[in-house]
Amino acid sequence: MRLVGIKRQGTSNIEVADLSADGEFVTVVAGLTEFWADAAGFMARGGTEVIARDQVTLVPPVLPDARVVCIGLNYLKHVAEGSFRAEPLPEYPTLFARWPASLTVDGDEIPVPADEAGLDWEGEVMAWVGSRLADATPEQALAAVVGYSTFNDVTARRAQKLTSQWILGKNADRSGPLGPLVPAAEVGDLRDGLHITTRVNGETVQDAHTDEMVYTVGDTLAHISRTFTLRPGDLLATGTPSGVGYARTPAWLLQPGDTVEVEVERLGILRNTIVGNEGRTADR
């Protein structure tokens, strides 16, 4: 099962659908709000209405008020390559936020903001919360995860580094491409070490395994839930491994015309093309 959001022609309503293995069809599962009221149930039941892929527009199956929480500095080699390498590893994860409006899908174009020399790649895994979590244990938190997706936390580095707060650089238009949601039962435990690879124009730039994470999904969601309640449809981006562009000598940033791919074992390939600032349109 590979769940995506869809909009039918002539409507702005979002539904959740299962994308066929060949990408030619989608099977409608439920409306977006309805789905997140019982995600596990709808994933078990599936759907029956089949629509040709070219009759719908793919969008992230994300609620408008979902919280997208992201872990920074979650792989030791990534910490070592960046500007935080001289600092001790924090006891708790560094967390920042994305807004759902920054998310996009496989195949979409990502524009470079006007004041940026380019964009940086950050291949990673996104976890989807399927049930309410408040003061949860790590075991309860992990059990609440209904699925995972390939994710690219594309970053506007100039904006990110203007201040100690990262939110501006992490919310550029369409800078968060998100792959289909794959049920957790089909993925298994990230602590078992899924292979994650990022490629730019076919060249491998990141190559790691998810068992290298410092802060696990269960521990992090439990930690968050002790401050604010996590709700069905909230998301956790689990951080990127080493190999990002800004840390290279010389720095290597994505330019218009470049293609960036993130591939995660059992989750699939996420592929996007970079375009110039003129690619930012008022109606998107």
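To be clear, the structure that these remarks concern was listed above.
Just so it is clear, the model here is predicted, and its values are computed rather than measured.

### What to know about the sheet that holds strand S5 (residues 56–59)
Item 1. Reading across from one edge, S4-S3-S2-S1-S5 is the order of the 5 strands in this open sheet, with antiparallel pairing throughout. One side of each edge strand has no neighbouring strand; the edge strands of this open sheet are strand S4 (49–52) and S5. With strand direction ignored, the average angle separating the axes of adjacent strands in the sheet is 45°.
Item 2. Note: strand S1 (residues 3–8) against strand S2 (residues 15–19), 4 bridges, orientation antiparallel. Along S2, the bridge assignment pairs Gly5 with Val16.

### Looking at the pattern of salt bridges
Item 1. Enumeration over the complete set of coordinates arrives at 17 salt bridges.
Item 2. For Asp234, the salt bridge is made with Arg67, and the minimal N-O distance between the two is 3.0 Å. A residue pair is termed long-range when its members are at least 10 positions apart, and Asp234 in the loop between helix H7 (217–225) and strand S16 (235–237) and Arg67 in the loop between S5 and strand S6 (68–72) qualify at 167 residues.
Item 3. Overall, Asp234 belongs to the buried group, its relative accessible area being 1%.
Item 4. Among the salt bridges present, the one from Asp153 reaches Lys170, with a minimum N-O distance of 2.8 Å. Of this pair, Asp153 sits in the loop between strand S11 (145–152) and helix H5 (157–160) while Lys170 is found in the loop between H5 and strand S12 (176–178), placing the two residues 17 residues apart along the sequence.
Item 5. The class for Asp153 is buried, based on a relative accessible area of 1%.
Item 6. Accessibility expressed as a relative area gives 1% for Lys170, which makes it buried.
Item 7. A single network of salt bridges, built from pairs that share partners, joins Arg98, Asp120, Glu122, Asp153, Arg157 and Lys170.

### Side note on H7
Item 1. The buried fraction of H7 is high, at 7 of 9 residues.
Item 2. Residues Val217, Gly218, Thr220, Leu221, Ala222, Ile224 and Ser225 constitute the buried set of H7.
Item 3. Taken together, the buried residues of H7 touch S6, strand S7 (94–98), strand S10 (123–129), helix H4 (138–143), S11 and S16.

### So, the sheet that holds strand S17 (residues 259–264)
Item 1. Strand order across the open sheet formed by 5 strands is S9-S18-S17-S14-S15, with mixed pairing between neighbours. Of all the strands in the sheet, the pair left with one neighbour each is strand S9 (109–111) and strand S15 (203–209). On average, each strand axis in the sheet is inclined to that of its neighbour by 20°, with strand direction left out of account.
Item 2. Note that S17 and strand S18 (residues 268–275) share 6 bridges and pair antiparallel. In the sheet register, Glu261 faces S18, and the bridge partner there is Arg271.

### Remarks on the pairing of S1
Item 1. If you look at the hairpin formed by S1 and S2, you'll find 6 residues sitting between the two strands, and Gly10 has a positive phi there, around 85°.
Item 2. With 4 bridges connecting them, S1 and S5 associate as antiparallel partners. Across the sheet, the residue bridging to Arg8 is Val56, located in S5.

### Quick notes on the packing of aromatic side chains
Item 1. One pass over the full model with this rule turns up 5 aromatic pairs.
Item 2. Considering the side-chain rings of Trp121 and Trp252, the 5.3 Å spacing of their centres and the 80° angle between planes classify their relative orientation as edge-to-face. Within this pair, whereas Trp121 is found in the loop between S9 and S10, its partner Trp252 is found in the loop between S16 and S17, the two being separated by 131 residues in sequence.
Item 3. Overall, Trp121 belongs to the buried group, its relative accessible area being 0%.
Item 4. Trp252 sits in the partly exposed class, given a relative accessible area of 26%.

### As for the environment of Ser242
Item 1. Within the secondary structure, Ser242 sits in the loop between S16 and S17.
Item 2. Between the C-alpha atom of Ser242 and that of Asp207, which follows or precedes it by 35 residues, the distance is 7.9 Å.
Item 3. In contact with Ser242, not counting residues within four places along its chain, are Lys77, His78, Glu81, Val205 and Gln206.

Reading guide: rules and limits
- Residue positions are given per chain, counted from 1 along the sequence in the order it is written.
- Local features in a predicted model are, by the rule used here, given only for residues with pLDDT of at least 70; side-chain atom pairs are given and counted only at 80 or more, and totals for whole chains, interfaces and linings are based on all residues.
- Side-chain measures were taken over the full set of non-hydrogen atoms in the model, leaving aside hydrogen atoms and water.
- In short, DSSP must find at least two bridges between two strands for them to pair.
- The numbering of helices and of strands both runs from the N terminus, where a helix is a DSSP run of H or I of at least 4 residues and a strand a run of E of at least 2.
- Orientation is described by lines fitted to C-alpha atoms, with helices fitted over the stretch in contact, and by angles between N-to-C directions that extend from 0 to 180 degrees.
- By convention in these notes, a salt bridge is any Lys or Arg side-chain nitrogen within 4 Å of a carboxyl oxygen on Asp or Glu.
- The buried label applies to any residue whose accessible area, calculated with a 1.4 Å probe on protein chains only, is under 20% of its type's maximum; exposed applies above 50%, and partly exposed to all values in between.
- By definition, residues are in contact when any of their heavy atoms lie within 4.5 Å.
- Pairing of aromatic rings covers Phe, Tyr and the six-membered ring of Trp, with a centre-to-centre limit of 6.5 Å; geometry is then stacked below 30 degrees between planes, edge-to-face above 60, and tilted otherwise.

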